[in-house]
Amino acid sequence: MKKFSLFLSILMVTALFLSGCKSAETTNDEQVELEFWTMQLSPTFDDYINGVISDFEKENPDIKVKWVDVPWADMEKKILAAVASKTAPDVANLNPQFASKLAELDALVNMDEMVDEETQNKYFEGVWKSNTFNDKTFGIPWYLSSQVTMYNTDIFKEAGLDPDSPPKTFEELKDTAKTIKEETGKYAFFPPLDASHLLETLVMMDVDLTNEDMTKAAFNTPQGIKAFEFFVDLYQNDLIPREVLTEGHGKAIDMYQAGQLAILASGPQFLNKVEENAPEILKATKSGPQITGASGKKNTAAMNLVVPIQSEHQEEAVKFSLFMTNAENQVEFDKIVPILPSIESALEDPYFNELPEDPTPIDEARIVSAEQLKESEVLVPPMENYEELKTSINEALHAAMLGKMTPEEAVKQAEAEWNEILSQ
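For every chain, the first residue of the written sequence is number 1, and numbering continues from 1 onward in sequence order. Only residues with pLDDT of at least 70 get local features here, since the model is predicted, and only at 80 or more are side-chain atom pairs given and counted; chain-wide, interface and lining totals rely on the full set of residues. Working from all heavy atoms in the structure, the side-chain values ignore hydrogens and water.

Undergrad: Tell me about the overall build of the chain, and please be specific about residues and values.
TA: Helix numbering and strand numbering both begin at the N terminus, where a helix is a DSSP run of H or I of at least 4 residues and a strand a DSSP run of E of at least 2. Along its length, the chain carries 19 helices and twelve strands. With the C-alpha coordinates aligned to their principal axes, the bounding extent of the chain is approximately 110 × 55 × 35 Å. Remark: exposure states derive from per-residue accessible area (1.4 Å probe, protein chains only) relative to the maximum for the residue type, with buried under 20%, exposed over 50%, and partly exposed in between. Per-residue burial over the chain gives 52% buried out of 424 residues. Note on areas: Shrake-Rupley, 1.4 Å probe, and residue coverage restricted to the protein chains presented here. Carbon together with sulfur atoms contributes 49% to the accessible area of the chain, which is approximately 20400 Å² in total. By the counting rule applied here, Lys and Arg register as positive and Asp and Glu as negative, while His and the ends of each chain are not counted. Note on charges: their place is set at NZ of Lys, CZ of Arg, CG of Asp or CD of Glu. Averaging the locations of the 35 positively and 74 negatively charged side chains of the chain gives two centres separated by 3 Å.

Undergrad: Describe the sheet that holds strand 9 (residues 285–288), with residues and values.
TA: In this analysis, strands are considered paired if DSSP registers two or more bridges between them. Pairing is antiparallel across the open sheet formed by three strands, whose spatial order is 8-7-9. Edge strands, defined here as strands with exactly one partner in the open sheet, are strand 8 (263–266) and strand 9. Neighbour-to-neighbour, the strand axes of the sheet open up by a mean angle of 25°, direction not taken into account. Pairing analysis gives four bridges linking strand 7 (residues 148–152) to strand 8, with the strands arranged antiparallel. Looking at the pairing, Val148 lines up with Ser266 of strand 8. The contact definition used throughout considers only heavy atoms, calling two residues in contact when any of these lie within 4.5 Å. A fitted line through C-alpha atoms represents every axis, and for helices the fit uses only the stretch in contact; the resulting angles, taken between N-to-C directions, go from 0 to 180 degrees. Running over the sheet, helix 12 (residues 249–257) touches strand 7, strand 8 and strand 9 and is turned about 145° from strand 8.

Undergrad: Explain the pairing of strand 6 (residues 140–146) to me, using residue names and the numbers behind them.
TA: The element strand 6 is largely enclosed, with a buried count of seven among its seven residues. The pairing of strand 6 with strand 10 (residues 298–306) spans five bridges and is classified as antiparallel. Bridge pairing links Pro141 to Asn304 in strand 10. In this structure, strand 6 lies alongside strand 11 (residues 340–341), joined through two bridges in antiparallel fashion. Directly across from Leu144, in strand 11, lies its bridge partner Leu340.

Undergrad: Go over helix 11 (residues 222–236) with me, naming the residues and quoting the values.
TA: Working note: α-helix, 3.6 residues per turn, so residues spaced by three or four point in the same direction. Here the expected length of a helix is defined as 1.5 Å per residue gap, with one fewer gap than residues. Helix length check: helix 11, at 15 residues, gives a terminal C-alpha distance of 21 Å against a target of 21 Å (1.5 Å per residue), a fit within 8%. When we look at burial in helix 11, the residues that qualify are Gly224, Ile225, Ala227, Phe228, Phe230, Phe231, Val232, Leu234 and Tyr235. Considering only its buried residues, helix 11 is in contact with helix 9 (170–184), helix 10 (197–204), helix 18 (386–401) and helix 19 (407–422). A positive backbone phi angle near 55° is found at Asp238, which sits one or two residues after helix 11.

Undergrad: Could you give an account of the pattern of salt bridges, naming the residues involved and the relevant values?
TA: The rule for a salt bridge is simple: a side-chain nitrogen of Lys or Arg has to be within 4 Å of a carboxyl oxygen of Asp or Glu. According to the stated counting rule, one finds 15 salt bridges in the structure shown. Lys101 serves as the salt-bridge partner of Glu76, at 2.0 Å between the closest nitrogen and oxygen. Taken as a pair, Glu76 in helix 3 (residues 72–84) and Lys101 in helix 4 (residues 96–104) lie far apart in primary sequence, 25 residues in all. Comparing Glu76 with Lys101 shows no difference in burial state: the two are buried. One network of salt bridges, in which partners are shared, links Glu76, Lys101, Glu387 and Lys390.

Undergrad: Pulling in residues and values, what's your account of the nonpolar core?
TA: To define a nonpolar core, start from buried Ala, Val, Leu, Ile, Met, Phe, Trp, Tyr and Cys residues and group those joined through side-chain atoms within 4.5 Å. Phe189, Ile393, Met401 and Trp418 are the most contacted members of the largest nonpolar core, which has 72 residues in total. Apart from residues no more than four positions distant in its own chain, Trp418 is found in contact with Leu199, Leu209, Thr210, Ala217, Phe219, Leu389, Ser392 and Ile393.

Undergrad: Please give an account of a negative patch on the surface that cites residues and values.
TA: Like charges within 9 Å and nonpolar side chains (Val, Leu, Ile, Met, Phe, Trp, Tyr) within 5 Å are joined into patches, using only residues over 30% in relative accessible area that form no salt bridge. Where like charges cluster on the molecular surface, the negative patch consists of Asp55, Glu59, Glu328 and Glu332. Of all the elements in the fold, those that place two or more residues in the negative patch are helix 2 (46–59) and helix 16 (327–334). Secondary-structure assignment places Glu332 in helix 16.

Undergrad: Outline the packing of helix 3 against helix 4, supporting the account with residue identities and numerical values.
TA: Where helix 3 contacts helix 4, the two axes come as close as 11 Å, and the packing angle between them is 15°. Regarding the angle of helix 3 to helix 4, the classification is roughly parallel. Between helix 3 and helix 4 the crossing geometry is right-handed. Together, Trp72, Met75, Glu76, Ile79, Leu80 and Val83 of helix 3 and Phe98, Lys101 and Leu102 of helix 4 make up the contact between the two elements. Classes in brief: Ala, Val, Leu, Ile, Met, Phe, Trp, Tyr, Cys and Pro nonpolar; Asp, Glu, Lys and Arg charged; the others, Gly included, polar. The class makeup of the residues in the contact of helix 3 with helix 4 is seven nonpolar, no polar and two charged. Comment on the angle field: the value is read as roughly parallel under 35 degrees, roughly antiparallel over 145, roughly perpendicular from 65 to 115, and oblique elsewhere. By definition, turning the near helix anticlockwise from the far helix through less than a right angle yields a left-handed crossing, and turning it clockwise yields a right-handed one.

Undergrad: Could you give an account of helix 16, with specific residues and numbers?
TA: Among the residues of helix 16, those classed as buried are Asn329, Gln330, Val331, Phe333 and Asp334. Buried residues belonging to helix 16 abut helix 2, strand 6, helix 15 (314–324) and strand 11. Nitrogen and oxygen atoms within 3.5 Å of one another constitute a polar contact, given that in protein one can donate a hydrogen and the other can accept it, and given that sequence-neighbouring residues count only through two side-chain atoms. One side-chain oxygen at the N-terminal end of helix 16 lies 3.3 Å from the backbone nitrogen of Glu328; it belongs to Asn326.

Undergrad: Give a description of the packing of aromatic side chains that names residues and reports values.
TA: For this analysis, a ring pair means two rings from Phe, Tyr or Trp (six-membered ring only for Trp) whose centres lie within 6.5 Å, classed as stacked if their planes differ by under 30 degrees, edge-to-face if by over 60, and tilted for the remaining angles. Following the criterion strictly, the structure yields 15 aromatic pairs and no others. Ring geometry for Phe56 versus Phe323: centroids 5.4 Å apart, planes at 55°, classification tilted. You can see Phe56 sitting in helix 2 and its partner Phe323 sitting in helix 15, a full 267 residues away along the chain. Pair check on accessibility: Phe56 and Phe323 agree, each one buried. An aromatic cluster of three or more residues is present, and its members are Phe45, Tyr48, Trp142, Tyr143 and Phe333.

Undergrad: So, the environment of Gln330: which residues are in play, and what are the values?
TA: Looking at where Gln330 falls in the secondary structure, it is placed in helix 16. Residue classification places Gln330 among the buried residues on the basis of a relative accessible area of 1%. Along the backbone, Gln330 and Trp142 are 188 residues apart, and their C-alpha atoms lie at a distance of 7.7 Å. Contact partners of Gln330, with chain neighbours within four places excluded, come to Tyr48, Tyr123, Pro141, Trp142, Tyr143, Met324, Thr325, Leu340, Pro341, Ser342 and Ile343. A polar contact is formed between the side chain of Gln330 and the backbone oxygen of Thr325, at a distance of 2.7 Å.

By themselves, these observations are geometric and do not establish any function.
Here it is in structure tokens:
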């Protein structure tokens, strides 16, 4: 009996041990791992991103987040390839135009179904809508950038211009460009004609890109022709650099920090680069509101977080996206780099409306940017075949600037190409 009792005890202990192991194994199996992709945020923001992930994991011990940072130039190719091979991450940091390509494939979770209305209403309405394609919301807004007019007061003084009065409209900008070129031999500004910049400028000039249902081009109008003439006149009268036809926003930053350009129309975050490379130029920099046209509209650039429909953990992925973009975390991020939050209540933080005792030009640019955010919007909505449409109108404008066709002919050519693309 003693031997039997001992044997029984051993069996019970063994059973309990095995049960414990099985329980631990089950717990590990139940822990969800999310893969989170960002665009070129490492190593600059390693501490911030890792800190937010750590905070999220503490609040959600059943969820583990694996962070993968992808170079900006590679993201579009990598995310499309990942979706095609069914290896997409659970959460990805994209912009609306990148994301819309996945939305075209119906490859993203519909946030209207995953996020309650009260939470949706915390984000700026126009920015939330910028993540809409075919009446479905494909992403959650993250950080924003509202362009301001940053200008070199030394060049303004050299040209005899008021260093406290930068141009506010494109017509004023044209006059400023003439004066600066005549008096200093330098260029006033570098209009970036790459990415979505040209399309955004056309909208600010009161040009409709398409009809309401995006089935036909709508820019072959007096306003559209006038907008093309604006760029043609500047180029042919040598009031903008020749490089505008071959290079983009990066060249504008290079020329500004080299003292060759009077105005840098961009987000305040790019002054960090100027501070690092040309502190004397930063010292001479002041900021004014974004230059706009007849429409009075101002543009906001947005970044978002999307959840591919392939994710096996959609609810957890959306939960993490909402945590990453909550007001507290956005304000913390914005204090590291001069960007803006997509949640309206975050702007109540004094950081966005009060200058420090001894403000820097970057501080001043941030305040100007934040002040105009509520009246800014994403001007070019996601649309099918965006890359083809953008290339078509850029090539037509370039041809007109080079004198290969008139502005009227260029607009007409672009209209025909857009209508063919939109009808596909």
